[in-house]
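Here are the chains, one letter per residue:
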Amino acid sequence: MAGSVAILHASELVTLAGPARPRVGNELRELGIIRDGAILARDGQIKAVGPSEEIVRRLPNDIEVIDARGQVVLPGFIDAHAHPVFGGNRIDEFEMRAGGASYEEIATSGGGIRSTVRKTRAASEDQLLAEAQRRAAWFLRCGTTTMEAKSGYGLSLEEELKILRVIRRLNETTPIEFVPTFLGAHAIPEEFGDRPNEYVDCLVDEMIPEVVRQNLAESCDIFCERGYFNAAATRRVLGAARTAGLKLRMHADQLTNSGGAALAAELGATTADHLEQTDAAGIAALGKANVQPVLLPGSVYAIGSTRYPQARTMIQAGLAIVLATDFNPGSSPTPSIPMVLSLAATQMKMTPAEAITAVTINAAYSLGRGGKIGSLEPGKLANFLICEVKDYRELAYWFGLPLIEAVYVRGRRGSGVSA
Ligand SMILES: [Zn+2]
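Only a predicted model underlies this, so the values are computations on that prediction, with no experimental measurement involved.

**Student:** Just give me the short version of a nonpolar patch on the surface, but keep the residues and values in it.
**Tutor:** Judged by side-chain polarity, Tyr397, Trp398 and Leu401 come together as a nonpolar surface patch covering roughly 360 Å² of accessible area. Positionally, leucine 401 belongs in the loop between helix H16 (394-397) and strand S15 (404-409). Judged by its relative accessible area of 43%, leucine 401 is partly exposed.

Here is the structure:
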């Protein structure tokens, strides 16, 4: 039967079993590990988890049995912040930065987000899909089985719809589940130059209603930052999105502390993402409003900054922390959650257990899927990884090499594109 398999003899079956809500405080360190663990999946769903000797006794005759040979098994990674659909790349800018140019200098000289917008608009829907499918295979190889996908490199109604249709087709043609977010408010497009308010009108009056009418997104996001969208514009865009029935996410306090975290709290956003510059008052506001912080250390590392978000302060404040890649062609060209685990431990002083919770069960709740994925418990989807390590902590410790031996999505071993 498709999607039916039993995995036996995991050195550690990292279940993340626990309360049916995002984990906070010390709960972030409780991984629900079963030693010499096993998992039984039927029709893509988890039927049982437990010690191998117990699961062996209830194995159906017709089921495929895999011996994990003392390796670690854990839930598939969930990447809650990614920009996977865009034309081309920014290798030239990457080389300029290696030569000393700053991210801001490159943006003012016509590079940055706008250069990717030009390449994305020039690409056909099929070309964008082919490029994104290649990237989806990278994510899968790095252990990601569910990911958010933002639009945001089209910046006009037609071009944003084109990107959102590509995301829908990625869902149909790859094993990964993509959760679509509308990010028309990623930057002010060139043709609106010095008329940013008119672009905000266009977002509110035309783009958001049409995206919702075509049912192409679950959430709406905005780049709330000096030179992009200020607090007033953010209130208008996210207010319209909420009224239209979308959930809210926000790029907040990445380059400057502009009160983004407090604004996300005020607007009732599901997540506030980045938060490199957020201060204590911002963190307190997020806690009060139950906004989940999505921290993106790959983008700090790749632009050569050392200002990582204050993860320890956020954990102490009781926030249900999430980690993600921020995969994009400019500031974070990595699809690798294992790389993010390494950065979380070395640069943000999160323990390996906290980091794993932040890319599994907490990430699942931030995407509205906490009841379906993010832990290995009966009734959830059989999305899990077999890793070439004996101890889960090794996943954050060794870095720069692939340690994922096998990826299962809905009980099937995942590989590439099924177009
Ligand atoms: Zn982003």
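**Student:** Break down the sheet that holds strand S8 (residues 177-185) for me, citing the residues and quoting the values.
**Tutor:** Taking strand neighbours across the sheet as the criterion, the 8 strands line up as S6-S7-S8-S9-S10-S11-S12-S13 in an open arrangement whose pairing is parallel. Two strands lie at the open edges of the sheet, namely strand S6 (77-79) and strand S13 (322-323), each paired on one side alone. For strand S7 (residues 144-150) and S8, the ladder comprises 5 bridges, and the chain directions are parallel. The residue of S8 that forms the bridge with lysine 150 is threonine 181. Contacts from helix H9 (residues 260-267) reach strand S9 (219-224), strand S10 (247-252) and strand S11 (271-274), with the element oriented near 170° to S10.

**Student:** Can you explain the coordination of the zinc ion? Please cite residues and give values.
**Tutor:** Each pair of donors in an ideal four-coordinate tetrahedral metal site encloses 109.5 degrees, whereas pairs in an ideal six-coordinate octahedral site enclose 90 or 180 degrees. Coordination of the zinc ion by the protein comes from His81 (NE2), His83 (NE2), His251 (NE2) and Asp326 (OD), over a distance range of 2.1 to 2.4 Å. Because the angles between the 4 donor atoms bound to the zinc ion fall within 84 to 164°, the donor set is best described as irregular. Spacing between the donor residues of the zinc ion along the chain follows H-x1-H-x167-H-x74-D. Separated by 245 residues along the polypeptide, histidine 81 in the loop between S6 and helix H2 (91-98) and aspartate 326 in the loop between S13 and helix H13 (337-348) bring together distant segments of the chain. Look at histidine 81 and you get buried, because its relative accessible area is 0%.

**Student:** An account of the domain arrangement of the protein chain is needed here, citing residue identities and associated values.
**Tutor:** Examined at the domain level, the protein chain breaks down into domain 1 (5-75 + 375-413) and domain 2 (78-335). Its C-alpha centre places domain 1 at a distance of 31 Å from the equivalent point of domain 2. Taking both sides of the interface into account, the surface hidden between domain 1 and domain 2 amounts to around 900 Å²; carbon and sulfur atoms contribute 65%. It is Leu28, Val407 and Val409 in domain 1 that bury the most area against domain 2; as a group they hold 37% of the surface buried on that side. Seen at the junction of domain 1 and domain 2, the total is 0 salt bridges. Taken together, the links from domain 1 to domain 2 amount to 0 residue pairs in polar contact (both at pLDDT 80 or more). No other element matches S15, which puts 4 residues into the side of domain 1 that touches domain 2. Across the side of domain 1 that touches domain 2, the residue classes break down as 8 nonpolar, 2 polar and 2 charged.

**Student:** Let's hear about the side chain of glutamate 177: which residues, and what values?
**Tutor:** Positionally, glutamate 177 belongs in strand S8. A polar side-chain atom of glutamate 177 sits 3.0 Å from a polar atom in the side chain of arginine 369. Here glutamate 177 is in contact with Thr145, Thr146, Met147, Asn171, Arg369 and Lys372, once residues within four sequence places are set aside.

**Student:** Requested: an account of the packing of aromatic side chains, with residues and values cited.
**Tutor:** Where two aromatic rings form a pair, the distance of their centres and the angle of their planes describe that pair. The tally for this structure, following the rule as stated, stands at 8 aromatic pairs. For the ring pair tyrosine 199 and phenylalanine 229, a centre distance of 6.4 Å and an interplane angle of 40° mean the geometry is tilted. With tyrosine 199 in helix H7 (residues 196-213) and phenylalanine 229 in the loop between S9 and helix H8 (231-243), this pair connects stretches of sequence that are 30 residues apart. Residue tyrosine 199 shares its accessibility class with phenylalanine 229, and that shared class is buried. A network of ring pairs unites the aromatic residues Phe86, Phe139, Tyr153 and Phe327 as a single cluster. The ring of phenylalanine 86 has arginine 135 lying over it, and the distance from NZ or CZ to the ring centre is 3.6 Å.

Calculation notes
Residues numbered from 1 in each chain as written. Predicted model: local features only at pLDDT ≥ 70, side-chain atom pairs only at ≥ 80, totals over all residues. Heavy atoms only, no water. Patch = residues over 30% accessible without salt bridge, like charges linked within 9 Å, V, L, I, M, F, W, Y side chains within 5 Å. Areas by Shrake-Rupley, 256 points an atom, 1.4 Å probe, with all protein chains shown as cover. Salt bridge = Lys/Arg side-chain N within 4 Å of Asp/Glu carboxyl O. Helix = DSSP H or I, 4+ residues; strand = E, 2+ residues; numbered from the N terminus. Buried < 20%, exposed > 50% of the residue type's maximum accessible area, 1.4 Å probe, protein only. Pairing = 2+ DSSP bridges. Contact = heavy atoms within 4.5 Å. Axes fitted to C-alpha atoms, helices over the stretch in contact; angles between N-to-C directions. Donors = N, O, S within 2.8 Å, 3.2 Å for Na, K, Ca; no water. Tetrahedral: all angles 85-135°; square planar, octahedral: opposite > 155°, others 65-115°. Domains from an automatic or database assignment. Buried area = accessible area lost by both parts, 1.4 Å probe. Polar contact = N/O pair within 3.5 Å; in protein donor to acceptor, adjacent residues only side chain to side chain. Nonpolar A, V, L, I, M, F, W, Y, C, P; charged D, E, K, R; others polar. Phe/Tyr/Trp six-rings, centres within 6.5 Å; stacked < 30°, edge-to-face > 60°. Lys NZ or Arg CZ within 6 Å of the ring centre and 35° of its normal.

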